[in-house]
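Residues per chain are reported as follows:
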Amino acid sequence: MAEAEIIVMGCNTLADIHPFLYGQFIEMAGTCINGGLYDPTHPQARSDGLRADVVEGLRELRPTHIRYPGGCGATYFDWQELVGPRDERPRAKLFRTQNTAQSTAFGIPEAHALCRELGAELYLTVNAHTQSPEDAAHLVEYLNSTRPTRWADLRRTHGREEPYGVKLFGLGNEIYGNWQAGQKSATEYARWCREAILQMKRVDPTIQVVVCGLGRPNPEWDRTVLFETVGLADMISVHNYFGRPIFRDSMSAFRVCEAMFNGLNALIDEAADTALGVHPLTHRELGSPPAVPFRPLIAFDEWNVWYRSKHDPEHDLEEYFNFGDALTVASLLHVVLRNARTVGLSNISLALNTLALMMADKRGLFKQTTWYAHKAIRDAHAAGRVVETPVAAPVFCAKHERFFCGIVNPEKARDEKLPSLLHFNDVSALDVLASIDDHRKRMTLSVIQKLEDRPLTAALTFRGVTPRTDRVMVTRLVGASVTAGNTMDQPEAVHLTTETVRLGETVTFPPASLTVFEFDL
Ligand code: AHR
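The rules behind each value
- Residues numbered from 1 in each chain as written.
- Predicted model: local features only at pLDDT ≥ 70, side-chain atom pairs only at ≥ 80, totals over all residues.
- Heavy atoms only, no water.
- Helix = DSSP H or I, 4+ residues; strand = E, 2+ residues; numbered from the N terminus.
- Rg over C-alpha atoms; globule rule 2.2 N^0.38 Å.
- Buried < 20%, exposed > 50% of the residue type's maximum accessible area, 1.4 Å probe, protein only.
- Contact = heavy atoms within 4.5 Å.
- Polar contact = N/O pair within 3.5 Å; in protein donor to acceptor, adjacent residues only side chain to side chain.
- Pairing = 2+ DSSP bridges.
- Phe/Tyr/Trp six-rings, centres within 6.5 Å; stacked < 30°, edge-to-face > 60°.
- Near = heavy atom within 4 Å.
- Areas by Shrake-Rupley, 256 points an atom, 1.4 Å probe, with all protein chains shown as cover.
- Nonpolar A, V, L, I, M, F, W, Y, C, P; charged D, E, K, R; others polar.
- Expected span 1.5 Å × (residues − 1).
- Salt bridge = Lys/Arg side-chain N within 4 Å of Asp/Glu carboxyl O.
- Right-handed = clockwise from strand over helix to strand, strands pointing away.
- Axes fitted to C-alpha atoms, helices over the stretch in contact; angles between N-to-C directions.
- Parallel < 35°, antiparallel > 145°, perpendicular 65-115°, else oblique.
- Left-handed = near helix turned anticlockwise from the far one by under 90°.
- Domains from an automatic or database assignment.
- Buried area = accessible area lost by both parts, 1.4 Å probe.

**Q** Teacher, can you tell me more about the overall build of the protein here?
**A** Counting secondary structure elements, the protein contains 11 helices and 25 strands. What you see for the protein is a C-alpha radius of gyration of 23 Å, in line with the 24 Å of a compact globule of 521 residues. In terms of overall dimensions, the protein has C-alpha extents of about 70 × 65 × 50 Å along its principal axes. Taking all 521 residues of the protein together, the buried fraction comes to 59%. The contacts of the protein with a sequence gap of at least 6 include a subset with a gap of at least 24, amounting to 76%.

**Q** What's the story with the side chain of E81 in this structure? I'm lost.
**A** For E81, the location among the structural elements is in the loop between β4 (65-68) and β5 (92-95). Here K93 takes part through its side chain, which lies 2.8 Å from a polar atom of the side chain of E81. Other than its neighbours up to four places away in sequence, E81 contacts Y76, R89, P90, K93 and T104.

**Q** Help me understand the environment of T206, please; the structure alone is not making it clear to me.
**A** As for its placement among the helices and strands, T206 is situated in the loop between α5 (186-203) and β9 (208-212). Spatially, the C-alpha atom of T206 lies 9.5 Å from that of G165, the residues being 41 residues apart in sequence. Among the polar contacts made by the side chain of T206, one reaches the side chain of K167 at a distance of 2.8 Å. A polar contact is formed between the side chain of T206 and the side chain of D204, at a distance of 2.6 Å.

**Q** Explanation requested: the sheet that holds strand β24 (residues 506-509) in the structure shown.
**A** Strand pairing in a sheet is mediated by backbone hydrogen bonds. Such pairs are either parallel or antiparallel. The strand order across the open sheet built from 4 strands is β16-β1-β21-β24, with neighbouring strands paired in mixed fashion. Each end of this open sheet is capped by a strand with a single partner; those strands are β16 (391-392) and β24. Sheet topology places strand β1 (residues 4-9) next to β16; 2 bridges connect them, and they run antiparallel. From the neighbouring strand, E5 faces β16, where its bridge partner is A392.

**Q** How should I be thinking about the packing of aromatic side chains in this particular structure?
**A** Aromatic ring pairs are described here by two measures, namely the spacing of the ring centres and the angle between the planes. A complete count under the given rule lists 17 aromatic pairs for this structure. Their ring planes at 70° and their centres at 5.6 Å tell us that W79 and W151 sit as a pair that is edge-to-face. Highlighted residues: W79 in the loop between β4 and β5 and W151 in helix α4 (residues 150-157), separated in sequence by 72 residues. Judged by its relative accessible area of 12%, W151 falls in the buried class.

**Q** Explanation requested: the site of the ligand in the structure shown.
**A** E27, G71, C72, N173, E174, Y241, E302, W306, L317 and L350 make up every residue found near the ligand. One of the backbone N or O atoms of C72 is found 2.9 Å from an oxygen atom in the ligand. Between the ligand and the protein, one listed contact pairs an oxygen atom with a side-chain N or O atom of N173 at 2.8 Å. Protein contacts shield 95% of the accessible area of the ligand, which totals 280 Å² for the unbound molecule. Along the lines of polarity and charge, the residues of the shell around the ligand split into 5 nonpolar, 2 polar and 3 charged.

**Q** What's the story with α5 in this structure? I'm lost.
**A** Structurally, the α-helix is built with 3.6 residues per turn, so residues lying three or four positions apart point the same way. For α5, which comprises 18 residues, the first-to-last C-alpha distance of 26 Å matches the rise-based estimate of 26 Å (1.5 Å per residue) to within 8%. Taken as a whole, α5 has its buried residues at A186, Y189, A190, W192, C193, A196, I197, Q199, M200 and K201. Against β7 (121-126), α3 (133-144), β8 (168-171), β9 and α6 (219-229) lie the buried residues of α5.

**Q** What am I meant to see in the pattern of salt bridges here?
**A** When the charged atoms of two side chains lie near each other, side chains of opposite charge can form a pair. Applying the stated criterion to the full structure yields 39 salt bridges. Of the charged contacts in the structure, one is a salt bridge between E56 and R59, with a shortest N-O distance of 3.1 Å. One end of the pair is E56 and the other is R59, both in helix α1 (residues 52-61) and 3 residues apart, which spans about a single turn. On the basis of relative accessible area, R59 is assigned to the partly exposed category, the value being 32%. Put simply, R67 and E302 hold a salt bridge, and the shortest N to O gap is 2.9 Å.

**Q** Explanation requested: the sheet that holds strand β10 (residues 235-242) in the structure shown.
**A** If you trace the 8 strands from one edge of the open sheet to the other, you get β3-β4-β7-β8-β9-β10-β11-β12, paired in parallel fashion. Where the open sheet ends on each side, the last strands, each with one partner, are β3 (24-25) and β12 (343-348). Pairing between β8 and β9: 4 bridges, direction parallel. Following the sheet pairing, G170 is matched in β9 by V210.

**Q** What is the right way to look at the pairing of strand β11 (residues 297-305) in this model?
**A** Both faces of the sheet carry side chains from a regular strand, because those side chains alternate between them. When you tally the buried positions in β11, you get 8 out of 9 residues, the bulk of the element. Two elements, β10 and β11, share 7 bridges in a ladder whose sense is parallel. Counterpart to H239 in the pairing with β11 is E302. Here β11 runs beside β12; their pairing, made up of 4 bridges, is parallel. Along β12, the bridge assignment pairs I298 with V343. In this fold, β11 hands off to helix α10 (residues 323-338), which returns the chain to β12; that crossover is right-handed.

**Q** Can you walk me through the packing of α5 against α6 in this structure?
**A** Pairs of packed helices are described in terms of their axes, by the angle between the two and the distance that separates them. As a packed pair, α5 and α6 sit with axes 9 Å apart at the nearest point and diverge in direction by 25°. Taken together, the axes of α5 and α6 lie roughly parallel to each other. The two elements α5 and α6 meet at a crossing, and its hand is right-handed. Together, A186, T187, Y189, A190, R191, C193, R194 and I197 of α5 and W221, T224, V225, E228 and T229 of α6 make up the contact between the two elements. Classifying every residue of the contact of α5 with α6 by side-chain character gives 7 nonpolar, 3 polar and 3 charged.

**Q** Whenever I open this one, the domain arrangement of the protein confuses me. Can you help?
**A** One frequent convention defines the size of an interface as the accessible area lost when the parts assemble. Under the domain assignment, the protein is made up of domain 1 (18-380) and domain 2 (389-394 + 429-520). Using only C-alpha atoms to locate each centre, domain 1 and domain 2 end up separated by 31 Å. On the domain 2 side, the residues contacting the 30 residues of domain 1 number 31 residues. Summing the contributions of domain 1 and of domain 2, the shared interface buries around 2,400 Å²; its carbon and sulfur component is 69%. Summed over the shared surface of domain 1 and domain 2, the result is 1 salt bridge. Notably, a salt bridge pairs R338 with D431, separated by 2.7 Å at the nearest N-O pair. On inspection of domain 1 and its partner domain 2, the count reaches 12 residue pairs in polar contact (both at pLDDT 80 or more). Among the secondary structure elements, those contributing two or more residues to the side of domain 1 that touches domain 2 are α10, β13 (358-360), β14 (365-367) and α11 (369-380). Considering every element that reaches the side of domain 1 that touches domain 2, the biggest residue donor is α10, with 9 residues. Per-class residue counts for the side of domain 1 that touches domain 2 are 18 nonpolar, 7 polar and 5 charged.

See below:
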């Protein structure tokens, strides 16, 4: 007997799955790049110094783009120090967040080459902290210009005639925070961006530029940045980290993410209305509206589960994820996909060693539980359109921090009265996302069953779409419990399995599970 019902509405498209939803992030921090991805001394190192096992792990994730070099890491490099012959670059820079040295050997050309190898776009974070808007425009000229001008000529001097054609630029990182060098007020930053984008887009009008937003804790920051850059900036970023030591609480993280997108979208609408000339502030505050009115999108360019580990020089943010965290990552990807009309770019933070999908050291590499969840969702919903999927299922209560608040003490996590918590009384036991790839005649359904203590049976109904056969491919994330995790010694304690099965009218989902169905249409 079915306790729940899932209805796939094949004709009701929520959003198209566009090219920048499955990004990765590699940062000049901890051992993500130096001593991780780039380690010429490692037995697995290729001739370019990159570890073959790490590159292979990245390749399997099929990243749509790669964000580099930070994060906070971007703050400490002038772009001129990350190009040209390696022996002419400074040997290393001090990453002051942890007082550790970061080599410059894996610079912009090397990051670009990795992206080309993986079929991904390079998403470059510009140092808006301690460099000038002019420096940002010079960077675009160096990378993308075909003309015989100073910075394009420098590229030629460095042995590269062909432009790099980098299309995605982020202006700074969390520049509102006192943990960054070159912290700015919203007004200072917004003016910096306005000037930089104008100059950058004069060099190459085809680039897309992302400005730093802040999200929930300070809408005034976002309003100031948006009003100053609307019509110029293509996207505004927001960062957040989720998860709790209590599994059922983590299963409500997606609600915090949804609320964050809704809040930012309201501000973007306000600014876009201004650009279109329908907002009363337009002429009074801004003079004439910008010439190219378009609505900026959200760049969710740092997100992950993070509630256990601290910045420290030895083991910087080395978070060991469990099965429950993998389900949190899957449900956050569901939110991104459902909101892909307004989320223009998304990348999990990070790829290796620091808050990472993969862990690598001298002994080898293992993939974290979250790597498998990310792969399952990325492969399931690679292209096509997300369709509406109403669900009727039991609900449960859960609580979650309003915004990333650092490390959560497992004891205090049980305290129901902490003011930093949001309480949700109606979290659905099933989190379902369906997409249809009309081109490949394929429909996929990913289902997160959030009840930890029992299985749940659901009836599956299709409207406006009919699977060709009842034989479907099923992929499951398997592991012994919600606390199971992978280690160097047990690298596959949590992994994916795939089989073809015959589907009846109902499906029973195991407790705390991720299941992906692939139907032929
Ligand atoms: O590496 C994770 C760090 O977290 C990033 O550098 C920064 O952007 C965030 O605060």
